[in-house]
Amino acid sequence: MKINIRSSILLALLFLISAASNAAVKSPPNDGVVGTLTGTVTDKADGKPIIGATVSIPDLRNGAITDVNGHYTLNRIPKGIYLVQVSYIGYASYNQKVDLTKTTVLDFQLHTSSIETGEVVITGVSKATEIKRDPVPMVAVSKNYIDQRSGAGNIIDAIANLPGVSAVTTGPNVSKPFIHGLGYNRVVTAEDGIRQEGQQWGDEHGIEVDQNSIDRIEIIKGPASLSYGSDAIGGVVNLITPSPVPDGKILGSVQGIYGTNQGLLNGSFRLQGNQNGLVWGTVISDKEAKDYQNQHDGRVYGTGYQERDARVMVGLNKSWGYSYLNASVYDALQEIPDGSRDSATRKFTRQITDADTYRPIVPESVLNSYAITPIHQHVQLYRIYDNSNFTLGNGNLIVNLGYQYSHRREYTHPTEQDIAGLNLQLATYTYDVKYNFNMGNDYETSVGVNGMYQNNSLGQSTAFPIPAYHQFDIGPFAIVKKSFGKLDLSAGARYDSRSFSGQAAYIDTSKAYYPTLYTGPNPTTTPNVVPQFSALNKTFSGATGSFGATYNFSDAFLLKGNIARGFRAPSIAELSANGPDPGSQIYHVGNSNFKPEFSTQEDLGAFLTLPNVSLSIELFNNNIQNYIFQEQELNADGTPVITQGYNTFTYVQSKARINGGEFAVDIHPVSWLHFANSLSLTYGQNLGNGGPVADSLKYLPFIPPLHTHSELRGNFAKGFGNLRNVYAMVGFDHYNAQNRFFAAYGTETYTAGYNLLSAGIGANLVDASGKKIVELFIEGTNLANVNYQSNMSRLKYFDNANVPAGVQPGIFNMGRNISFKVIVPFDLSPHTKPTTGS
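A. Focus on the overall build of the protein. The helix and strand inventory of the protein stands at five helices and 46 strands. Its C-alpha atoms give the protein a radius of gyration of 27 Å, near enough to 28 Å, the size a compact globule of 838 residues would have. Within the protein, the proportion of its 838 residues that are buried is 55%. When contacts within the protein are restricted to residue pairs at least 6 apart in sequence, long-range pairs at least 24 apart make up 67% of them.

B. Layout of the pairing of strand β25 (residues 395-411). Counting buried residues along β25, 15 of its 17 residues qualify, which places the element largely inside the surrounding structure. The sheet contact formed by strand β24 (residues 376-392) and β25 spans 17 bridges and is antiparallel. When the sheet's bridge partners are listed, Asn-389 is paired in β25 with Ile-398. Counting the residues between successive antiparallel strands, the hairpin from β24 to β25 contains two residues, one of them, Gly-393, with a positive phi of roughly 65 degrees. Where β25 and strand β26 (residues 422-439) come together, 16 bridges link them in antiparallel fashion. What sits directly across from Arg-408, in β26, is Leu-424.

C. Representation of the pairing of strand β19 (residues 278-289) within the structure. Strand direction decides the pairing type here: strand β18 (residues 264-275) and β19, joined by eleven bridges, are antiparallel. In the sheet register, Gln-275 faces β19, and the bridge partner there is Leu-278. Counting the residues in the hairpin turn of β18 and β19 gives two residues, including Asn-276, whose phi is positive at 55 degrees. Note that β19 and strand β22 (residues 305-318) share twelve bridges and pair antiparallel. Each bridged residue has a counterpart across the sheet, and for Leu-278 the counterpart in β22 is Leu-316.

D. Structural detail: the environment of Gln-306. By the element assignment, Gln-306 lies in strand β22. Accessibility expressed as a relative area gives 17% for Gln-306, which makes it buried. A sequence separation of 55 residues divides Gln-306 from Leu-251, and the C-alpha atoms of the two residues are 28 Å apart. Here the side chain of Gln-306 touches Tyr-370 through a polar contact of 3.2 Å, landing on its backbone oxygen.

Each value, and the rule that gives it
- Residues numbered from 1 in each chain as written.
- Predicted model: local features only at pLDDT ≥ 70, side-chain atom pairs only at ≥ 80, totals over all residues.
- Heavy atoms only, no water.
- Helix = DSSP H or I, 4+ residues; strand = E, 2+ residues; numbered from the N terminus.
- Rg over C-alpha atoms; globule rule 2.2 N^0.38 Å.
- Buried < 20%, exposed > 50% of the residue type's maximum accessible area, 1.4 Å probe, protein only.
- Contact = heavy atoms within 4.5 Å.
- Pairing = 2+ DSSP bridges.
- Polar contact = N/O pair within 3.5 Å; in protein donor to acceptor, adjacent residues only side chain to side chain.

Right, dumping it as structure tokens:
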């Protein structure tokens with residue numbers, strides 16, 4: 001039956017792709033449907049050509065790179081009005097809406113600028129839109145930004161320092177994104193717009209994406225349920241893979257990263273091609289690291305990892321639109337720390353038997369080894385998805401279809417290392433179909449439907465935190481945007497429905513330490529068989545909407561405002577959990593009576609951009625009904641409740657308010673120097689369910705403290721000699737003490753404040769013609785080697801049950817790390833013979 005359901009859905013998805021493709025390809029072409037846009041890009045100051053500038057049409061995923069004469073050509077462009085973007089490092093990006101039925105030649109002049117004012121996004125909008133004209137709070141970072149964060153252990157760490165963004169971590173390779181204090185199943189992480197599904201309710205594994213395959217990240221900071229449905233109540237992180245290379249090109253690169261703290265070795269190979277609109281590409285990566293270290297703990301046992309990744313893409317970019325088929329594999333081995341130590345020396349110890357009556361000290365040879373320890377997790381994610389955009393009528397039909405298979409195993413038996421403690425297998429089919437068109441007097445309109453079907457099964461294992469279940473989501477929506485001169489308005493509405501069907505399960509406890517899933521007859525009367533999960537059938541639904549406005553008083557000053565209602569159905573863990581998750585060191589207990597969360601968030605922002613200074617203030621206020629979070633259970637004597645060897649945490653529900661804001665100022669005393677400063681503040685308050693709330697309960701867990709970031713940076717785009725895009729920076733981060741924490745039942749504890757110093761330097765080495773030979777990036781983090789604990793680090797709570805007086809419990813964050821990143825590009829493009837005149 002399971003195979004039939006999967007096959008039927010897969011056939012339906014393939015039929016949708018085929019039908020949409022045929023409709024677009026077979027529709028009779030109009031005159032002038034295929035166009036070409038050519039021109040040159042020059043420096044406004046001296047008129048010289050800019051070599052290597054990117055000219056792109058984001059909506060069509062069509063782009064070109066200027067040659068040695070600053071010339072570009074875009075081929076096979078359908079008729080219509082599209083946003084054209086021109087960008088180059090060290091210059092202000094230029095955006096212009098162009099009617100491609102009337103324009104075939106267009107020249108651009110760029111002026112040098114250290115202030116980025118023309119960022120364009122494609123996430124959560126019907127058409128590519130400048131951030132400054134969209135009322136929804138958003139931020140985007142480029143490949144250059146990602147490259148300069150070479151010390152990031154994963155792709156989420158690369159953005160965790162942005163205002164309003166943070167991450168809950170379990171060591172350097174496990175990070176979950178948080179936006180304005182919301183994370184887990186409240187933030188959708190997507191790859192090329194396809195939502196990522198891999199048991200994201202869990203703490204102990206990160207985002208299953210190869211960081212080397214991501215060239216751009218776009219973040220919605222606030223409810224995005226309108227475009228992405230349930231689970232986007234806190235926002236969206238859209239990880240975008242490399243754009244196709246220009247027509248006629250075969251380009252690639254070899255990349256290597258080394259990190260001193262963990263001995264990180266990260267290598268990646270990339271190759272892409274485009275021949276007359278037949279585009280293809282691949283990225284293959286391999287990384288590994290030893291246990292990380294700091295002055296307080298030494299090397300932290302159980303934090304090493306190995307990761308293997310591969311992805312391929314093949315597609316067509318033609319006059320009717322584009323269709324790209326992607327496939328990827330993520331395969332990671334991640335050690336599982338528990339923080340146990342020898343009581344006398346405070347050195348880390350390790351479990352060697354299931355009885356766990358004695359733990360020896362971990363030898364230095366093990367701490368310094370790249371070999372994965374017996375207690376570890378094996379996380380695999382297989383993904384196939386298609387992004388298609390068809391020119392149809394007076395608009396575009398966008399079809400995004402995906403299949404993911406997540407297999408997560410945790411090996412927690414030191415003497416039976418082949419038996420998984422946890423074994424979850426999740427298959428997800430996602431669909432997103434929408435039609436973007438101009439309605440009436442230039443009302444940009446998008447109507448569509450998206451959702452997913454999931455099937456979670458339990459493999460052979462000994463721990464069962466969640467049941468086997470089926471889930472189906474569906475949500476139709478409509479979004480309209482209209483510009484009235486300097487005023488941009490945007491509004492939308494959506495209705496979501498999510499259905500769960502959880503299976504009852506029984507556990508055979510006959511063998512100590514090795515319970516198994518019981519599938520035999522008469523479970524209620526069989527000895528040593530106990531119930532684990534009851535059958536569950538639930539349906540949640542809700543309406544959401546948003547309305548926002550942006551007013552550009554001038555090119556230098558604008559105001560934004562937005563109000564949005566978000567919706568989130570409880571996750572399967574929140575509804576049904578009743579078991580240990582060894583990797584998180586928690587026994588989870590859910591509640592099947594939970595109601596869905598609804599939020600109302602107001603956002604207000606002001607932005608000023610002058611030649612030598614830019615300034616922004618963004619404020620938000622989010623009221624959430626039926627907010628779900630975990631609290632620890634305690635015995636009558638105040639000690640933690642231990643279930644099957646793990647501290648017990650129960651999901652609870654309450655009203656909540658999260659508010660705060662971000663302030664940023666970027667000063668440019670001279671063109672090449674800028675002093676960037678930002679401040680982020682988030683407050684999370686538990687409002688209870690009526691009546692007074694005790695002091696220990698009045699704050700929400702995992703709320704980041706006040707964070708300020710200052711960065712002095714010098715950028716030299718034209719460089720020195722054979723060096724281009726030279727930069728040097730020094731950064732300072734201050735994190736306040738977090739004394740607003742969920743203290744009840746020992747769930748959270750006070751976290752002291754700390755300061756971190758960082759620095760970076762890099763450049764491109766070019767030949768005499770300006771062609772790039774090598775890219776080099778060096779970044780140093782925690783250069784003062786400060787001993788600190790982040791309140792967003794789960795390792796802060798990993799230690800012995802009893803810690804000696806005067807000793808700070810828990811594991812500290814990573815100490816000093818210097819990372820080196822080298823990229824060697826190459827060009828395998830066929831050489832064309834120059835044409836001769838008659």
